[in-house]
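Examining the three-dimensional arrangement
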Amino acid sequence: MASLDSIKQSVRGSDADVDGDDSGIIPADAGIDDVCDEEVETVRSLVAPHADGEGGIIPSLQAVQNEYGYLPRFSMQVIAEECDTTIARVFGTASFYSQFYFEPRGEHSVKVCTGTACHVKGADDISENLQEELDVETGEVTDDGQFTIEHVRCVGACGLAPVVVVDDDVHGPIEAENAPEIIDEYTDEEA
Ligand code: FES
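Cut-off values and rules
Residues numbered from 1 in each chain as written. Predicted model: local features only at pLDDT ≥ 70, side-chain atom pairs only at ≥ 80, totals over all residues. Heavy atoms only, no water. UniProt positions renumbered as here; feature names shortened; annotations may be inferred. Buried < 20%, exposed > 50% of the residue type's maximum accessible area, 1.4 Å probe, protein only. Helix = DSSP H or I, 4+ residues; strand = E, 2+ residues; numbered from the N terminus. Pairing = 2+ DSSP bridges. Salt bridge = Lys/Arg side-chain N within 4 Å of Asp/Glu carboxyl O. Core = buried A, V, L, I, M, F, W, Y, C linked by side-chain atoms within 4.5 Å. Contact = heavy atoms within 4.5 Å. Axes fitted to C-alpha atoms, helices over the stretch in contact; angles between N-to-C directions. Phe/Tyr/Trp six-rings, centres within 6.5 Å; stacked < 30°, edge-to-face > 60°. Lys NZ or Arg CZ within 6 Å of the ring centre and 35° of its normal. Left-handed = near helix turned anticlockwise from the far one by under 90°. Nonpolar A, V, L, I, M, F, W, Y, C, P; charged D, E, K, R; others polar.

Under the annotation held in an unreviewed UniProt entry, the chain carries the name NADH:ubiquinone oxidoreductase 24 kD subunit and is attributed to Halapricum desulfuricans. Taken verbatim from the UniProt record of the chain, the Cofactor (unreviewed entry) comment is "[2Fe-2S] cluster".

What follows covers the pairing of strand β2 (residues 147-152). Along a regular strand, successive side chains alternate from one face of the sheet to the other. Most of β2 is tucked away, with five of its six residues classed as buried. Here strand β1 (residues 108-113) runs beside β2; their pairing, made up of six bridges, is parallel. Bridge pairing in β2 links V112 to H151.

Counted under the stated rule, the structure contains five salt bridges. The shortest N-O distance in the salt bridge between E82 and R44 comes to 2.6 Å. With E82 in helix α4 (residues 73-82) and R44 in helix α2 (residues 37-47), this pair connects stretches of sequence that are 38 residues apart. Taking the relative accessible area as the measure of exposure, E82 reaches 23% and is therefore partly exposed. A relative accessible area of 15% means that R44 is categorised as buried. Residue R89 is joined to E54 by a salt bridge in which the shortest nitrogen-to-oxygen separation is 3.1 Å. Taken as a pair, R89 in helix α5 (residues 87-96) and E54 in the loop between α2 and α3 (57-68) lie far apart in primary sequence, 35 residues in all. For R89, a relative accessible area of 44% puts it in the partly exposed group.

The next thing to look at is the nonpolar core. If you look at the biggest cluster of nonpolar residues, it comprises 26 residues, and the most contacted ones within it are L61, Y68 and F74. Contributing elements (two or more residues each) for this core: α2, α3, α4 and α5. In contact with F74, other than residues within four places in its own chain, are I26, A30, G31, I32, V35, E39, V40, V43 and Y68.

A few words on the sheet that holds strand β3 (residues 164-166). With mixed pairing, four strands are arranged side by side in an open sheet as β2-β1-β3-β4. A single partner strand is all that each edge strand has here, and the edge strands are β2 and β4 (169-171). In this sheet, adjacent strand axes meet at a mean angle of 20° when their direction is disregarded. Direction of pairing for β3 relative to β4: antiparallel, over a ladder of three bridges. Counted as the bridge partner of V165 is V170 from β4.

Applying the stated criterion to the full structure yields four aromatic pairs. An angle of 85° between the planes, with centres 5.1 Å apart, marks the rings of F96 and Y97 as edge-to-face. Exposure remark for F96: the relative accessible area of 67% places this residue in the exposed category. It is R105 that lies over the ring of Y101; its NZ or CZ is 3.6 Å from the centre.

Turning to the packing of α4 against α5, a few remarks are in order. Axis separation between α4 and α5 bottoms out at 8 Å; the angle between their running directions is 115°. Crossing hand, α4 versus α5: right-handed. Listed contacts from α5 to M76, Q77, I79 and A80 of α4 are I87, V90 and F91. In the contact of α4 with α5, the residues fall into six nonpolar, one polar and no charged.

What follows is the structure, encoded as structure tokens:
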């Protein structure tokens, strides 16, 4: 089994910089040395029930993402150690599946369908209006941590095109100019 120190040496980025993040969100590039021992132990406790060689990688990734909403780098270091494998293997596995995220995400995911049926009915305009309303680019988290906008391929609701899916709620058909109103339903004014 690789030692924790060797893993830290092998994957810790020289430019890791977690200072100045006062949002409470652990930066995506935070390595083991950048987070407190309690945070590392939290991940270790999440992973421990699944640690079973490389067969434990996916359930471990799922357990960590359920807790953090994404996969900070240090968590993949811990998974590698607990599953007796390499960081490259853990990262490669996570990269293969679209269900895993490597950046912090908003509390609500706003998925704009850009499949063919939605595209021809104005998905681009919907996306543009939502980005303007939330003041973020696709893939970013709003400053208040509430929303992330994503583009997804056909979600299987072409009869409702164009469609926006917020969390698990399908909205459609949507007029581009009315798209921002959808956000209001999910906005926590006190956040
Ligand atoms: S293309 Fe958007 S739901 Fe099918």
